Amino acid sequence: MNALAERLGRLIAHEGPITLAQYMAIASHERALGFYGGEHDPLGSKGDFVTAPEISQMFGELLFVWCMGQWRKQGSPGTARLVELGPGRGTMMSDVLRAAKTAPDFLAAIDVVLVESHPALRTQQETRLAATGVPISWTEDLKPEVFDRPVFVLANEFFDSLPVRQFLRAEEGWRERMVGIDASGALDLVISPIAADAFVPGDRRGDLPGSIAEISDSAKALSSILAQGIAEQGGAALIIDYGNAAPAGAPTLQAIRAHRPARLLEDPGEVDLSAHVDFGVLAASARQEGAAVFGPVTQGQFLESLGIRARAEVLSLGRAAEVAGSLSRDVERLIGSQEMGELFKVMAILPPGASPPTGFG
Ligand code: SAH
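Description of the structure in this document.

How each quantity is defined
- Residues numbered from 1 in each chain as written.
- Predicted model: local features only at pLDDT ≥ 70, side-chain atom pairs only at ≥ 80, totals over all residues.
- Heavy atoms only, no water.
- Near = heavy atom within 4 Å.
- Polar contact = N/O pair within 3.5 Å; in protein donor to acceptor, adjacent residues only side chain to side chain.
- Areas by Shrake-Rupley, 256 points an atom, 1.4 Å probe, with all protein chains shown as cover.
- Nonpolar A, V, L, I, M, F, W, Y, C, P; charged D, E, K, R; others polar.
- Buried < 20%, exposed > 50% of the residue type's maximum accessible area, 1.4 Å probe, protein only.
- Helix = DSSP H or I, 4+ residues; strand = E, 2+ residues; numbered from the N terminus.
- Pairing = 2+ DSSP bridges.
- Right-handed = clockwise from strand over helix to strand, strands pointing away.
- Expected span 1.5 Å × (residues − 1).
- Axes fitted to C-alpha atoms, helices over the stretch in contact; angles between N-to-C directions.
- Parallel < 35°, antiparallel > 145°, perpendicular 65-115°, else oblique.
- Left-handed = near helix turned anticlockwise from the far one by under 90°.
- Contact = heavy atoms within 4.5 Å.

Quick word on the site of the ligand
1) Next: Around the ligand, a shell composed of 21 residues is seen, among which Thr51, Gly86, Gly88, Glu116 and Asn156 lie nearest.
2) Next: Between the ligand and the protein, one listed contact pairs a nitrogen atom with a backbone N or O atom of Gly86 at 2.7 Å.
3) Next: With the chains in place, 94% of the 570 Å² that the ligand exposes on its own is no longer accessible.
4) Next: Across the shell around the ligand, the residue classes break down as nine nonpolar, eight polar and four charged.

The following block contains the structure:
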């Protein structure tokens, strides 16, 4: 049992079981020991998972092309903002800003706001982006004040790390799955005896016993902040993550350590916790704010229609055969149906009345 597990065990012994969302928030963000809070470096090939921007520069470049297209469609506003949620090592933003040199008017119009809670990752981002010449500021969480102009938001593998609560359809109705302790004091999943039907959306009421509902209040709240800002001020958001348009009734919350599944409550702060994103909920809360929502479409479809194959060919020109080969393997990893292409989805939030954007046709 690690130090954070012991601390959580003592808390639970005194206060009773905590929700999985509370557990995730502490395991992810505890200042010294949390996965995204401490010194632990979660990213990159030596870390716990590899993300699309870490696979290839083409990913960030194509997201730039998409954002710039939206910016032009909205009349090339002279003051605009580029926001990234959870920028990790800063790789994607660095690719976006390098590609943006091809559009000096866009580059001159924007400042950048990075939403990052991890102090060590923020330092990596500062170093990585120091030479871009673009004004960059950081915030720990996305505040509505950021939306005082058209804002273009990118979020790759961010929403999956937000805390979720889990509810189990028991014989007698919905009950919350919580984190308690077993007789030895070790963390263990327990089922709350209290009726929780009111927390589960109406369309899940008829689920069969054994079904699990996962609910992320923070993901839903964040989607409405994005949508409200974009509906009022213009701009666009692209949310890229693994998940589905509709929940399947099975739990998706998982722990990963060094690219392998780990037990859910094993060594809090040392394993990556994530859950599939419920795009249906994000879309509904964005629409409630009056925004237009497109997708989710698969990452494969999205990147193909933005021209990832052509981009790989351009990058291969005049390069050695190994380079061309490695670029086409990267394309396959990003869009292949057995790789990231189908598991990952892309959803866009745009101002009211917007026509379908590139990639969503
Ligand atoms: N987008 C990056 C990194 C994904 S990992 C990539 O694709 O490589 C998730 C990122 O979100 C990390 O930078 C992490 O520190 C940050 N993060 C996670 N939860 C957060 C929260 N609640 N508030 C702010 N940042 C958070």
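A closer look at the pairing of strand E6 (residues 165–170)
1) Next: In terms of burial, E6 is largely enclosed, as six of its six residues are buried.
2) Next: Relative to strand E7 (residues 173–181), E6 runs antiparallel, the two being bridged by five bridges. Following the sheet pairing, Arg169 is matched in E7 by Trp174.
3) Next: Linking two consecutive strands that pair antiparallel, namely E6 and E7, is a turn of two residues.

Points about the pairing of strand E4 (residues 136–139)
1) Next: Inspection of the sheet shows strand E3 (residues 110–115) paired to E4 by four bridges, in the parallel sense. Bridge pairing in E4 links Val115 to Thr139.
2) Next: Once you follow E3 into helix H7 (residues 119–129) and on to E4, the crossover reads as right-handed.

A closer look at helix H4 (residues 57–73)
1) Next: Between the first and last C-alpha of H4 there are 25 Å, a value that for 17 residues agrees with the 24 Å anticipated at 1.5 Å per step.
2) Next: Burial analysis of H4 places twelve of its 17 residues in the buried class, which makes it a mostly covered element.
3) Next: Residues Met58, Phe59, Gly60, Glu61, Leu62, Leu63, Phe64, Trp66, Cys67, Met68, Gln70 and Trp71 constitute the buried set of H4.
4) Next: One side-chain oxygen of the residue at the start of H4 lies 3.0 Å from the amide nitrogen of Met58, identifying that residue as Ser56.
5) Next: Two residues or fewer past H4, Gly75 is found with a positive phi of approximately 90°.

Regarding the sheet that holds strand E11 (residues 254–257)
1) Next: Judged by pairing direction, the sheet is antiparallel, and its three strands sit side by side in the order E12-E11-E13 without closing on themselves. The sheet is open, and its two edges are formed by strand E12 (260–262) and strand E13 (272–274), each paired on a single side. Averaged over all pairs of adjacent strands, the angle between strand axes in this sheet comes to 40°, irrespective of strand direction.
2) Next: Relative to E13, E11 runs antiparallel, the two being bridged by three bridges. By the bridge assignment for E13, Ala255 is matched with Leu273.

Points about the packing of H4 against helix H5 (residues 91–99)
1) Next: Put simply, H4 and H5 touch, their axes get as near as 8 Å, and they point 55° apart. When the axes of H4 and H5 are compared, the pair comes out oblique. Of the two possible hands of crossing, H4 and H5 adopt the one that is right-handed. Contacts from Gln57, Phe59, Gly60, Glu61, Leu63 and Phe64 in H4 reach Met92, Asp95, Val96, Arg98 and Ala99 in H5.
2) Next: Along the lines of polarity and charge, the residues of the contact of H4 with H5 split into six nonpolar, two polar and three charged.

Examining unusual backbone geometry
1) Next: Backbone torsion omega between Gly295 and Pro296 reads 5°, so that peptide bond is classified as cis.
2) Next: Positive phi values are uncommon outside glycine, yet Glu157 reaches one of about 50°.
3) Next: When you line up the elements, Glu157 lands in the loop between strand E5 (151–156) and E6.
4) Next: Even without glycine at this site, His259 takes up a positive phi of about 70°.
5) Next: Among the secondary structure elements, His259 is positioned in the loop between E11 and E12.
6) Next: Taking relative accessible area as the criterion, His259 reaches 43% and is therefore assigned partly exposed.

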